[in-house]
Amino acid sequence: MSVETHPQPSLSDAQPGELIRLANITKRFGANTVLDDLSFTVAPGKHVTLIGPSGSGKTTILRLLMTLTRPDEGTITVDGDQLFPAPEKQIREVRKKIGMVFQQFNLFPNMSVLRNITEAPVQVLGMSGDEAEERARELLDLVGLADKCDAKPTRLSGGQQQRVAIARALAMRPRVLLLDEVTSALDPELVAGVLDLLRDIARSTDITMLCVTHEMGFARDISDQVLMFDGGRVIESGSPEKIFTDPEQDRTREFLSAVL
Ligand code: ADP
């Protein structure tokens with residue numbers, strides 16, 4: 001399988017070895033400081049998992065990268081191009097490099113599976129309908145749903161809907177794939193299939209992944225690096241072996257013993 005990424009012109013100097021850079025990010029909702037002077041970088045092609053207690057700011061990181069919410073302070077750079085702060089036109093351009101799969105699939109219920117996948121490449125990237133459809137069919141084949149092109153999402157199981165959502169994200173040829181608790185809404189018997197698909201994608205593509213998950217086995221398998229969040233900060237980071245077997249912080253140990 002090959003999932004190409006989109007060649008993108010650089011708008012500023014890329015930092016070698018960094019695809020994503022968050023620097024001194026603070027995000028507040030009212031009086032609640034959800035991210036507190038947070039900084040981290042992700043190297044190209046790496047798979048980074050965000051773990052930590054509920055409410056520690058993990059999903060907010062993904063939403064910031066997806067431009068669904070904006071930081072109060074700090075800068076975000078993706079592939080050498082500034083995402084925040086930046087003019088709206090630049091934000092829209094940089095945002096094309098990022099795809100996201102949500103917990104609740106977020107498919108368009110009134111569109112066929114095929115159209116769910118072709119819509120953004122045609123509307124946002126200006127791809128021709130034929131090219132977008134050819135690509136969508138390849139991706140549906142990849143996710144094991146070649147026979148569901150004409151189905152409406154509501155006729156599919158949760159696991160199938162999530163596969164369509166994964167195909168839809170990949171159709172934009174993103175440099176970065178954000179996965180936000182993508183199996184949390186699935187019936188237990190459907191979880192393994194979706195995780196296996198994501199493992200395949202992680203193994204066989206050069207897409208950089210940022211993943212929020214409660215599936216610690218999956219996190220351990222696919223991650224190059226694990227970031228442990230608490231109170232809007234990364235309190236510890238390291239290889240999955242290190243974090244899952246010999247964490248430095250008591251807080252990490254407590255969290256893992258509660259979820260493992
Ligand atoms: P996590 O993914 O680690 O569970 P989140 O990033 O979803 O944490 O949330 C972090 C904190 O931000 C929580 O206290 C949550 O209630 C708050 N929060 C998230 N989104 C909003 C919002 N749109 N409005 C107000 N508070 C929010």
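Under an unreviewed UniProt entry, the name given to the protein is L-cystine ABC transporter ATP-binding protein YecC, and the organism recorded is Streptomyces filipinensis. According to the UniProt record, the Sequence similarities (unreviewed entry) comment for the protein reads "Belongs to the ABC transporter superfamily." According to the UniProt record, the Subcellular location (unreviewed entry) comment for the protein reads "Cell membrane".

### Concerning the overall build of the protein
When helices and strands are counted, the protein shows nine helices and 10 strands. Against the globule reference of 18 Å for 260 residues, the protein gives a C-alpha radius of gyration of 18 Å, in line with a compact fold. Its C-alpha atoms give the protein principal-axis dimensions of roughly 50 × 45 × 35 Å.

### Considerations on the UniProt feature "domain: ABC transporter" (unreviewed entry) in the protein
Per the UniProt record, "domain: ABC transporter" (unreviewed entry) is annotated on residues 20-256. In the segment residues 20-256, helix accounts for 39% and strand for 26%; the C-alpha atoms at its two ends are 26 Å apart.

### Some remarks on the sheet that holds strand E7 (residues 176-180)
If you walk across this open sheet you meet the six strands as E6-E7-E8-E3-E9-E10, and the pairing is mixed. At either end of the open sheet lies a strand with only one pairing partner, and these are strand E6 (98-101) and strand E10 (233-238). Strand after strand, the sheet turns through a mean of 20° between neighbouring axes, direction not considered. Pairing geometry for E7 and strand E8 (residues 208-212), over five bridges, is parallel. When the bridges of E8 are listed, Leu177 appears paired with Met209. Docked against the sheet, helix H5 (residues 158-171) engages E6 and E7, running at close to 175° with respect to E6.

### A short note on the pairing of E10
Where strand E9 (residues 225-230) meets E10, five bridges bridge the pair, whose relative direction is antiparallel. Bridge pairing links Asp230 to Arg233 in E10. Between E9 and E10, which pair antiparallel one after the other, the connecting turn spans two residues, and Gly231 there sits at a positive phi close to 60°.

### Observations regarding the site of the ligand
Neighbouring the ligand are Phe29, Asn32, Val34, Gly52, Ser54, Gly55, Ser56, Gly57, Lys58, Thr59, Thr60 and Val212. Of all elements in the fold, only strand E2 (32-42) and helix H1 (58-65) reach the threshold of two or more residues within the shell around the ligand. Considering each element in turn, the shell around the ligand owes the most residues, three residues, to H1.

### A word on helix H3 (residues 113-123)
Residues Val113, Asn116, Ile117, Thr118 and Pro121 constitute the buried set of H3. Buried residues belonging to H3 abut helix H4 (129-142) and H5.

### Things to note about the environment of Ile25
Inspection of the secondary structure puts Ile25 in strand E1 (residues 20-29). Assessed through the 23 C-beta atoms surrounding it within 10 Å, Ile25 is described here as buried. Each C-alpha atom of the pair Ile25 and Asp36 lies 6.6 Å from the other, and the pair is 11 residues apart in sequence. Discounting chain neighbours no more than four positions away, the residues touching Ile25 are Leu35, Leu38, Leu64, Pro71, Glu73, Gly74 and Ile76.

So, how was this worked out
- Residues numbered from 1 in each chain as written.
- Predicted model: local features only at pLDDT ≥ 70, side-chain atom pairs only at ≥ 80, totals over all residues.
- UniProt positions renumbered as here; feature names shortened; annotations may be inferred.
- Helix = DSSP H or I, 4+ residues; strand = E, 2+ residues; numbered from the N terminus.
- Rg over C-alpha atoms; globule rule 2.2 N^0.38 Å.
- Pairing = 2+ DSSP bridges.
- Axes fitted to C-alpha atoms, helices over the stretch in contact; angles between N-to-C directions.
- Contact = placed C-beta atoms within 7 Å.
- Near = placed C-beta within 6 Å.
- Buried ≥ 20, exposed ≤ 12 C-beta atoms within 10 Å, placed from the backbone.

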